[in-house]
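# Topology and contacts: notes
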Amino acid sequence: PSEPSKASSPSPSKPPTAAPSNPPSTRNYWLMKAEPNTRLENGHDVKFSIDDLAARTSPEPWDGIRNHVAKNNLLAMRRGDLAFFYHSNCKVPGIVGIMEVVREATPDESAWDSGSAYYDPKSGPEKRTWYLVHVEFRRKFREMVGLRELQEYKGRGEALEGMQLLKQSRLSVSKVEEGEWEFIMGLAEGK
DNA sequence: GCCAACGTTGGC
DNA sequence: GCCAACGTTGGC
């Protein structure tokens, strides 16, 4: 695993209490889905699990997002934002760990590569419809926080009542409110 | 711009 | 494999 591509310690001229470049108050939180099981798309296996991400030695381009609501979430991501890694389309779906956005949105060139898994004939270098961000592995939970468990808290007045994942279950990149993030972290750490 | 038909996602 | 919930397409 690579080192975080963060700046080193603050310069001596700054007070020790200097705010980090992306303090919690301005950090946004997200949830991104990937499929841990083999599935063929345009002849390519799109399998990608948290263990695959953890094994990467350079930032991972999160390509293949072909939905405009998900794309708008990608475009709103800022370096330093954190995202849950969610395993979908598998026997036990759920949140399995955390990654960090290390590079903001750039065009997803796989969209105009006719040989790629995510080819979109309506886009091209002159029509950059789709974007990706780069992410890095941060941690894997000792035990996943399953979708079933999340759904226990989606009722009126409960912690995950408004969670985008639960309201728009087909969205592959969704926003997580800070309170939702902290609640889910509590579930993960309680295991 | 409406909307019926069709396609996709993803939990179950 | 089923199907609900969306999203997209295309005729009008």
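In this text, all values refer to a predicted model and were calculated from it rather than measured experimentally.

Let us look at the protein's contact with DNA strand C. Taken together, the neighbourhood of DNA strand C is formed by N67, H68, K122, K167 and R170. Among atoms of DNA strand C positioned within 4 Å of the protein, sugar and phosphate together represent 46%. Its residues assigned to classes, the surface near DNA strand C shows no nonpolar, 2 polar and 3 charged.

The next thing to look at is the packing of aromatic side chains. Under the defined criterion, the tally for this structure stands at 7 aromatic pairs. Arranged with centres 6.1 Å apart and planes meeting at 35°, the rings of F48 and F85 form a pair that is tilted. Taken together, the residues F48 in the loop between strand 3 (44–45) and helix 1 (50–54) and F85 in strand 5 (residues 82–87) connect sequence positions 37 residues apart. When the ring of F84 is compared with that of F141, the centres are 6.4 Å apart and the planes differ by 65°; the resulting orientation is edge-to-face.

With that out of the way, let us pick up the protein's contact with DNA strand B. Near DNA strand B you find K33, Y86, S88, N89, P93, L147, R148, Q151, S169 and R170, and these make up its full shell. Of all atoms in DNA strand B that approach within 4 Å of the protein, 83% are sugar or phosphate atoms. Measuring from a phosphate oxygen of DNA strand B, one finds a backbone N or O atom of N89 at 3.0 Å. One of the backbone N or O atoms of R170 is found 3.0 Å from a phosphate oxygen in DNA strand B. A total of 3 residues in the surface near DNA strand B trace back to one element, the largest contributor, which is helix 3 (residues 147–151). Residue classes in the surface near DNA strand B are distributed as 3 nonpolar, 4 polar and 3 charged.

Another aspect to go through is the pairing of strand 5. Most of strand 5 sits out of view: 6 of its 6 residues are buried. Both faces of strand 5 are covered, namely the face carrying L82, F84 and Y86 and the face carrying A83, F85 and H87. Note that strand 1 (residues 29–34) and strand 5 share 6 bridges and pair parallel. Residue pairing in the sheet places A34 in a bridge with H87 of strand 5.

Another aspect to go through is the pairing of strand 1. For strand 1, the buried fraction is high: 6 of the 6 residues fall into the buried class. Neither face of strand 1 is open: one carries Y29, L31 and K33, the other W30, M32 and A34, and all of them are buried.

Another aspect to go through is unusual backbone geometry. Leave glycine aside and you will find that most residues have negative phi; peptide bonds, for their part, are mostly trans. A positive phi angle, near 55°, is found at N42, a position not held by glycine. Relative to the helices and strands, N42 resides in the loop between strand 2 (40–41) and strand 3. Even without being a glycine, N89 presents a positive backbone phi close to 55°. Tracing the sequence through the fold places N89 in the loop between strand 5 and strand 6 (94–107). The exposure class assigned to N89 is exposed, which follows from its relative accessible area of 53%.

Attention shifts here to the confidence of the model for chain A. On average, residues of chain A score 88 in pLDDT, and 87% of them reach the 70 mark or higher. Every residue in residues 1–16 scores below 50 in pLDDT, and together they form 12 contacts with partners more than four places removed in sequence or on other chains.

This brings us to the pattern of salt bridges. For the structure shown, the criterion picks out 11 salt bridges. Linking D52 and K47 is a salt bridge whose minimum nitrogen-to-oxygen distance equals 3.3 Å. For the salt bridge of E60 with R56, the shortest nitrogen-to-oxygen distance reads 2.7 Å. Among the residues examined, R56 registers a relative accessible area of 36% and is labelled partly exposed. Connected through shared salt-bridge partners, E35, R39 and E41 make up one network.

Criteria and thresholds
- Starting afresh in each chain, residues are numbered from 1 along the sequence in its written order.
- All chains are assigned letters beginning with A, and all ligands numbers beginning with 1, in the order in which they are written.
- Local features in a predicted model are, by the rule used here, given only for residues with pLDDT of at least 70; side-chain atom pairs are given and counted only at 80 or more, and totals for whole chains, interfaces and linings are based on all residues.
- Based on all heavy atoms of the structure, the side-chain values leave hydrogens and waters out of the count.
- Nearness here has a simple test: a residue counts as near a molecule or strand if at least one of its heavy atoms is within 4 Å of that partner.
- Note on residue categories: nonpolar means Ala, Val, Leu, Ile, Met, Phe, Trp, Tyr, Cys or Pro, charged means Asp, Glu, Lys or Arg, and polar means any other residue, Gly included.
- For Phe, Tyr and Trp, rings pair up if their centres lie within 6.5 Å, where Trp contributes its six-membered ring, and each pair is then called stacked (planes under 30 degrees apart), edge-to-face (over 60) or tilted (otherwise).
- Secondary structure elements follow DSSP: runs of H or I of four or more residues count as helices, runs of E of two or more count as strands, with numbering from the N terminus.
- We call two N or O atoms a polar contact when they sit within 3.5 Å, provided that within protein one can donate a hydrogen and the other can accept it, with sequence-adjacent residues counted only if both atoms are side-chain atoms.
- Per-residue accessibility, obtained with a 1.4 Å probe over protein chains only, is compared with the maximum for each type, and a residue is labelled buried under 20%, exposed over 50%, and partly exposed between these values.
- Two strands pair if DSSP finds at least two bridges between them.
- Summary of the metric used: pLDDT quantifies the predictor's per-residue confidence within the range 0 to 100.
- The contact rule is simple, with two residues in contact once any of their heavy atoms fall within 4.5 Å.
- Salt bridges are counted wherever a side-chain nitrogen of Lys or Arg sits within 4 Å of a carboxyl oxygen of Asp or Glu.

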